Amino acid sequence: MYNLLEKKSMRSTTILAVRRNGQIAIGGDGQVTLGNTAIKHSARKIRKIYQDRVLIGFAGSASDALTLYENLEKKLEQYRGNLQKASVELARDWRSDRILRRTDALMIAINENDSYLISGNGDLIIPDDDILAIGSGGSIALSASRALLKYSKLTASEVVAEALKITSEICIYTNAQIEIESIETEE
């Protein structure tokens, strides 16, 4: 069984983060797929960390994603909640470690001031707008949220919910069991 699972491609999730009008929100679906079978429907892929001031969401290999999350949390503690410094140092460490460099995961980290896409390859990407999306349905969620931000007055949480619902109707690797976390910011 183990070798069979190892050879199949695991796809899982869509994660979307949006910043709008004094609120940041991140959401993700719960589906985990192995080959052409949905093997889990309620995986928890988003979290509030560092005194509930940073929102994160991850996609990709679960163990790799959890490693990214744990390492970011350590960096946030080390740099007293400075997400920019913690993210830069995490990416730097990841890139220089020969074993960790092969990690198959992506993570979004967002707080009141900063938004980052962090990869297991050591990439650190800052969005051009107030939206980040990753995972199997990331491009669909990104498109939907851009339209919703442009043509509606929905809150960040509402945009995330609607965009992920749209994504779940299109992407076979995304389900409608959506979890959303948000933080009100001082704007």
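The text that follows walks through the structure, step by step, so that each part is easy to find.

Rules of the game
- Residues numbered from 1 in each chain as written.
- Predicted model: local features only at pLDDT ≥ 70, side-chain atom pairs only at ≥ 80, totals over all residues.
- Heavy atoms only, no water.
- Helix = DSSP H or I, 4+ residues; strand = E, 2+ residues; numbered from the N terminus.
- Contact = heavy atoms within 4.5 Å.
- Pairing = 2+ DSSP bridges.
- Axes fitted to C-alpha atoms, helices over the stretch in contact; angles between N-to-C directions.
- Core = buried A, V, L, I, M, F, W, Y, C linked by side-chain atoms within 4.5 Å.
- Buried < 20%, exposed > 50% of the residue type's maximum accessible area, 1.4 Å probe, protein only.
- Parallel < 35°, antiparallel > 145°, perpendicular 65-115°, else oblique.
- Left-handed = near helix turned anticlockwise from the far one by under 90°.
- Nonpolar A, V, L, I, M, F, W, Y, C, P; charged D, E, K, R; others polar.
- Salt bridge = Lys/Arg side-chain N within 4 Å of Asp/Glu carboxyl O.

**Some remarks on the environment of D64**
By the secondary structure assignment, D64 is in helix α2 (residues 62-78). Along the chain, D64 and T103 lie 39 residues apart, while their C-alpha atoms are 5.7 Å from each other. When residues no more than four places from it in sequence are discounted, the contact partners of D64 are T103, D104 and A105.

**Description of the sheet that holds strand β7 (residues 54-60)**
Pairing in this open sheet of five strands is antiparallel, and the strands run β6-β7-β8-β9-β10 from one edge to the other. This sheet does not close on itself; its edge strands, each paired only once, are β6 (46-49) and β10 (124-125). Pairing of strand β9 (residues 115-119) with β10 involves two bridges; the strand directions are antiparallel. Within β10, the residue paired with I118 across the bridge is L124. Its contacts with the sheet place α2 against β6, β7, β8 (105-110) and β9, and it is angled at close to 35° to β8.

**Considerations on the nonpolar core**
If you look at the biggest cluster of nonpolar residues, it comprises 19 residues, and the most contacted ones within it are I56, L72, L76 and M107. Elements supplying a minimum of two residues to this core: β7, α2, α3 (83-96), β8 and β9. Once you skip the residues sitting within four places of it in the chain, I56 turns out to touch I26, K45, I46, R47, I49, Y69, L72, M107, I108 and A109.

**Observations regarding the packing of α2 against α3**
Where α2 meets α3, the axes come as close as 9 Å, and the angle between the chain directions of the two elements is 130°. Comparing their axes, α3 and α2 come out oblique. Both α2 and α3 take part in a crossing whose hand is right-handed. Side by side, α2 and α3 meet where T67, L68, N71, L72, K75 and L76 of the first sit next to L83, A86, S87, E89, L90, D93 and W94 of the second. Class assignment of the residues belonging to the contact of α2 with α3 gives a composition of seven nonpolar, three polar and three charged.

**Some thoughts on the pattern of salt bridges**
In the structure shown here, the tally under the stated rule is eight salt bridges. One salt bridge connects R19 with D130, and the closest N-O pair in it is separated by 3.9 Å. Placement of R19 in strand β2 (residues 14-20) and of D130 in the loop between β10 and β11 (131-135) is noted, with a sequence separation of 111 residues between them. Among the residues examined, D130 registers a relative accessible area of 39% and is labelled partly exposed. Here R44 and E179 are joined by a salt bridge, their closest N and O atoms 3.2 Å apart. You can see R44 sitting in the loop between β5 (37-40) and β6 and its partner E179 sitting in strand β12 (residues 179-184), a full 135 residues away along the chain.

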